[in-house]
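Geometric and topological summary
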Amino acid sequence: MQTQDALVEIRGLGKHFGEGSTRVNALADFDLDVHAGEVVGLLGPSGSGKSTLLNLVGCILEPTAGVMRLDGQDIWNGEWKRKDLRRLRLEKIGFIFQSHNLLPFLNAWENIAIVRTLLGDPPAAAQRRAHELLDYLKMAHRRDAMPAQLSGGEAQRVAIARALANDSRIILADEPTAALDSERALAVIELLRTAALERQAAVLVVTHDDKIFDRLDKKVHLRDGRLDPNA
Amino acid sequence: MNLSLRDVYQNLGKFLLTCVGVSLLLGVVMGMIAIYRGLVDEALGLARAMKADVWVVEGGTRGPFAEASRMPGDTREGISSLWGVESAGSVLFQNIEIAHRGTTRRLMLIGWEPGRPGGPPTLSEGRPITRSHYEAIADRRAGFAIGEQVIMGRNTFAIVGLVENLVASGGDPVIFTTLRDAQRLQFELEPSAARREQARNAAAAQNTDSINAVLVRLKSNMSPQVFAQDVQRWKRLSAMSQTQQEDVLATSVIERARKQIGLFTSILLIVSMVIIGLIIYTMTIDKKRPIATLKLIGAPDSVIVKLILQQALAMGMIGFITGAILLRLGQDYFPRRLVFETSDAVALFGIVIVICLAGSVIGVRAALKIDPASALSN
Ligand SMILES: Nc1ncnc2c1ncn2[C@@H]1O[C@H](COP(=O)(O)OP(=O)(O)O)[C@@H](O)[C@H]1O
Ligand SMILES: [Mg+2]
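What counts, and at which threshold
- Residues numbered from 1 in each chain as written.
- Chains lettered and ligands numbered in written order.
- Predicted model: local features only at pLDDT ≥ 70, side-chain atom pairs only at ≥ 80, totals over all residues.
- Heavy atoms only, no water.
- Patch = residues over 30% accessible without salt bridge, like charges linked within 9 Å, V, L, I, M, F, W, Y side chains within 5 Å.
- Areas by Shrake-Rupley, 256 points an atom, 1.4 Å probe, with all protein chains shown as cover.
- Salt bridge = Lys/Arg side-chain N within 4 Å of Asp/Glu carboxyl O.
- Helix = DSSP H or I, 4+ residues; strand = E, 2+ residues; numbered from the N terminus.
- Buried < 20%, exposed > 50% of the residue type's maximum accessible area, 1.4 Å probe, protein only.
- Pairing = 2+ DSSP bridges.
- Contact = heavy atoms within 4.5 Å.
- Buried area = accessible area lost by both parts, 1.4 Å probe.
- Polar contact = N/O pair within 3.5 Å; in protein donor to acceptor, adjacent residues only side chain to side chain.
- Domains from an automatic or database assignment.
- Nonpolar A, V, L, I, M, F, W, Y, C, P; charged D, E, K, R; others polar.

Residues and elements named next belong to chain B. A surface patch of nonpolar side chains, about 710 Å² in accessible area, is lined by V20, L24, M317, I321, I325, L326, L329 and F349. Going through the elements one at a time, α2 (12-49) and α10 (301-330) are the ones with two or more residues in the nonpolar patch. Top contributing element to the nonpolar patch by residue count: α10, with 5 residues. Within the secondary structure, M317 is located in helix α10.

Listed below in structure tokens is the structure:
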């Protein structure tokens, strides 16, 4: 059965903001499975609920309806505390953002190593792992650069390395290529595809970027917080 | 890798500037505490140096430092004969002003009976007074050298010895002469109005043979309290144990200084707290996005709180140490004597730590409220 190896499993998921007349249904009655090795694109117009969905999967937002399982674990069943969710993010989820969000006061390899440090690795091991990842992403020569000195493409690669640093099997990316030219955008999506295959990770990418559409394994179209029936 | 340290490197200018500000504030705080300790030390120093067990003073007064106390010169003989007395000596205190080498100096004149309680403590230079007239021992800060001739009243005194750090609570250096010399000087130097006043009381005083206090040393088996109570039965006399005398000094002479300095110290400490708090808060707000990112990638709150607290504590400690160094360097330019006590430094350090922690509260609260999702918004 396919759902057996779904790393992300969503049933009837809903999220609204506000109440009464100000209520916004950002996401409603949403179903989705993402399997190991898959790169799934979330597409749709602005305000359709893509980021909301990604934040729900990333355990940053709490849903107002439905169930969600990550790597077999039931989330939001009432037993999870904020602290546990942070730990879950640290261990299982890798985030990549449009604005790469590197810590400005750490250099490239330290931005990666901090994830390992938070996971409890001794400093030397964390540094070794960060260097390996930068080698893997062909960024070894920029190891010691501060984020402000990196180009957009370089910074995005460091961010990807950081998302991979916890050996997470769920990788969430919100418009990771929006700020990149097409060559670098393709390179980034290729990296994500490789990561999905080599690590058997589930990759969920929010994108407007038609340059990368044909590299996606599956496209999910949203409109007004629901699956777009016309897509 | 220490996140606080790395972040500080990024904001080094702002951080160091704040440290300098805090160090100046804390330097002033330490200076004021040291001045206060100096005051206490000077005020109590004189009373302590006299090494009395009991001070006998005029009835109904708390003299001779806190109130005027005047007694007939023969009081000491009566006291000496009391049971339990090892030795007793008359002393006279008088604020005087003398002209010396073209300048006017304010001194505290102390007359005592050589060989009896009340004289100068260990001399740092020179010799004790050996003649019954015209020899004096002065505090080094009076500016006299051994052998120097000093005109006081109608006579010239030779400085034969020097003592250290013996000043009146007003800061005036002390000069010792024999009781007889001091009594004559008192009469000669007193303003004419006061002399007329004394002349009117002449019926009571009869002559210039008056003293301010009798210092009593007791035999070891005599309790100062019991002895003081014995003396109190003479209506004309009061008695205070050394501890009581120090308490009186502490309350009457030092209390106001303590209040003023305490007030300024508290204000400066609060200002330091506000400054540290504001800077920590702005530094936290500047770090909103990195903090959201840290939360997003799963860093526990402790990592974020540590990031902020370490910076606040570093500011406080650097400010404290730099302040202490600045004060030590500037110590000699202070008009008053500074006394540094380890216990004060330890207490102030503790207060600074508390201030840093309290000052970071708003910063920490702001940091904990930051939504991890805000790292995602563009
Ligand atoms: N924190 C929030 N509070 C209120 N409304 C929100 C919040 N976040 C998103 N929304 C609303 O939810 C809807 C979906 O937003 P979002 O998921 O960001 O869309 P997308 O990422 O597809 O542009 C929008 O109408 C948006 O205004
Ligand atoms: Mg969005």
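Once the structure has been displayed, the description carries forward.
Residue and element names in this part refer to chain B. Extensive coverage of strand β4 (residues 103-112) is indicated by the burial of 7 of its 10 residues. Here strand β3 (residues 85-100) pairs with β4 via 10 bridges, running antiparallel. Residue I98 lies in a different strand from β4, and its bridge partner there is R105. Bridge count for β4 against strand β9 (residues 174-178) is 5 bridges, and the pairing is parallel. Across the sheet, the residue bridging to W112 is T178, located in β9.

As a further point, take the interface of chain B and chain A. In this complex, chain B contributes 27 residues to the contact, which on the side of chain A involves 23 residues. Between chain B and chain A, the buried area comes to about 2300 Å², and carbon and sulfur atoms account for 62% of it. Of all residues in chain B, the largest losses of buried area upon contact with chain A belong to B:M1, B:I297 and B:L376, amounting jointly to 28% of the total for that side. With its nearest N and O atoms 2.7 Å apart, the salt bridge here joins A:R86 to B:D301. Here chain B and chain A share 8 residue pairs in polar contact (both at pLDDT 80 or more) between them. Put simply, the parts of the chain that give the side of chain B that touches chain A at least two residues each are α1 (3-10), α9 (288-296) and α10 of chain B. Ranked by residues supplied to the side of chain B that touches chain A, first place goes to α9(B) with 6 residues.

Many analyses report the size of an interface as the accessible area lost when the parts associate. Residues and elements named next belong to chain B. Split by domain assignment, chain B resolves into domain 1 (3-43 + 256-375) and domain 2 (45-254). Across the boundary between the two partners, domain 1 contributes 11 residues, which contact 13 residues of domain 2. Counting each side, the surface lost to burial between domain 1 and domain 2 is near 920 Å², with a carbon and sulfur contribution of 47%. Its largest share of buried area at the contact with domain 2, domain 1 owes to E42, A43 and R337, together 57% of the area lost on that side. Counting every contact that joins domain 1 to domain 2 gives 0 salt bridges. Counting every contact that joins domain 1 to domain 2 gives 0 residue pairs in polar contact (both at pLDDT 80 or more). Breaking the side of domain 1 that touches domain 2 down by element, the ones donating at least two residues are α2 and α8 (242-286). Tallying contributions element by element places α2 first for the side of domain 1 that touches domain 2, with 6 residues. For the side of domain 1 that touches domain 2, the per-class residue count stands at 5 nonpolar, no polar and 6 charged.

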